[in-house]
Amino acid sequence: MQRVSVQGVPGSGKSTVGRAIAARLGVPFTELDALHWGRGWSEASTEELLALVTPLVATERWVIDGRYRSKLGDLVIARADTVVWLDLPIRVWLPRLVRRTARRMVLREELWNGNRERVHNLFERPNLFEWAWQKHREDRTFIPRWVEAHPQATLVRLRSAREVREFVERVSR
């Protein structure tokens, strides 16, 4: 395992797991949200995001969390040797997402580039929770097919917090 793409819905633990895998492998970790979202929640253009991510995936060892397929296409997965899919049940990721979002709002935690969660975002359509629900359903068919189309990558589908914990513990340099 040298080049790892971590996939999952918001609240599934992509960043936490990605950082843990990267630390155990001794490789750089990149959170695509941090590259995509600029100050004031401005979105990187396709060209800007490609310019940032292309050199990262050209290196030999990395862990990257996120997808941004509409802008990056298959850039990340085409170079990944492993795709870790955090396919946790809704009863696990939804309460995590609610707690995380509430904590970030109350504590005014900075996410990326000065951005913070905003209450009015909860009322947008689709909001974070609707989007996560939709992705959870879509990923059930999308991710297995997506990885199958990239035979150099091995799919590791983790379906419980215990499986995630055990997998991370097995990762070694």
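Everything that follows concerns the structure shown earlier in this document.
Residues numbered from 1 in each chain as written. Predicted model: local features only at pLDDT ≥ 70, side-chain atom pairs only at ≥ 80, totals over all residues. Heavy atoms only, no water.

Enquirer: What am I meant to see in the pattern of salt bridges here?
Expert: It is possible for side chains bearing opposite charge to pair when their charged atoms get close. Summed over the entire model, instances satisfying the criterion amount to twelve salt bridges. Of the charged contacts in the structure, one is a salt bridge between Lys-135 and Glu-138, with a shortest N-O distance of 3.3 Å. Taken together, the residues span about one helical turn, with Lys-135 and Glu-138 both in helix H7 (residues 128–148) at a distance of three residues. Judged by its relative accessible area of 22%, Lys-135 is partly exposed. Through salt bridges with shared partners, one network takes in Arg-3, Glu-60 and Arg-79. (Salt bridge = Lys/Arg side-chain N within 4 Å of Asp/Glu carboxyl O. Helix = DSSP H or I, 4+ residues; strand = E, 2+ residues; numbered from the N terminus. Buried < 20%, exposed > 50% of the residue type's maximum accessible area, 1.4 Å probe, protein only.)

Enquirer: Whenever I open this one, the sheet that holds strand S3 (residues 62–65) confuses me. Can you help?
Expert: Consider a sheet: its strands pair through backbone hydrogen bonds, and that pairing is either parallel or antiparallel. A sheet is described by the order of its strands in space; here five strands give the open sequence S2-S3-S1-S4-S5, paired in parallel fashion. Every interior strand has two partners, whereas the edge strands, strand S2 (29–31) and strand S5 (154–158), have only one. The average undirected angle you get between the axes of adjacent strands in this sheet is 20 degrees. One ladder, built from three bridges, connects S2 with S3; its direction is parallel. For Phe-29, the partnering residue across the bridge sits in S3 and is Val-63. (Pairing = 2+ DSSP bridges. Axes fitted to C-alpha atoms, helices over the stretch in contact; angles between N-to-C directions.)

Enquirer: When you look at the environment of Leu-97 in this model, what are you seeing that I'm missing?
Expert: In this fold, Leu-97 is placed in helix H6 (residues 90–107). It is 9.1 Å that separates the C-alpha atoms of Leu-97 and Ala-132, two residues lying 35 residues apart in sequence. Beyond its immediate chain neighbours, meaning those up to four positions away, Leu-97 contacts Pro-10, Gly-11, Leu-128, Phe-129 and Ala-132. (Contact = heavy atoms within 4.5 Å.)

Enquirer: Help me out: how do you make sense of the side chain of Asp-81 in this one?
Expert: In this structure, Asp-81 sits in the loop between helix H5 (75–79) and strand S4 (82–86). There is no salt bridge for the buried Asp-81, and the closest opposite charge comes from Arg-3, which lies 4.2 Å off by N-O distance. From its side chain, Asp-81 meets the backbone nitrogen of Gln-2 in a polar contact 2.8 Å long. What Asp-81 contacts, discounting residues up to four positions off in sequence, is Met-1, Gln-2, Arg-3, Gln-152, Ala-153 and Thr-154. (Lys, Arg positive; Asp, Glu negative; His and termini not counted. Polar contact = N/O pair within 3.5 Å; in protein donor to acceptor, adjacent residues only side chain to side chain.)

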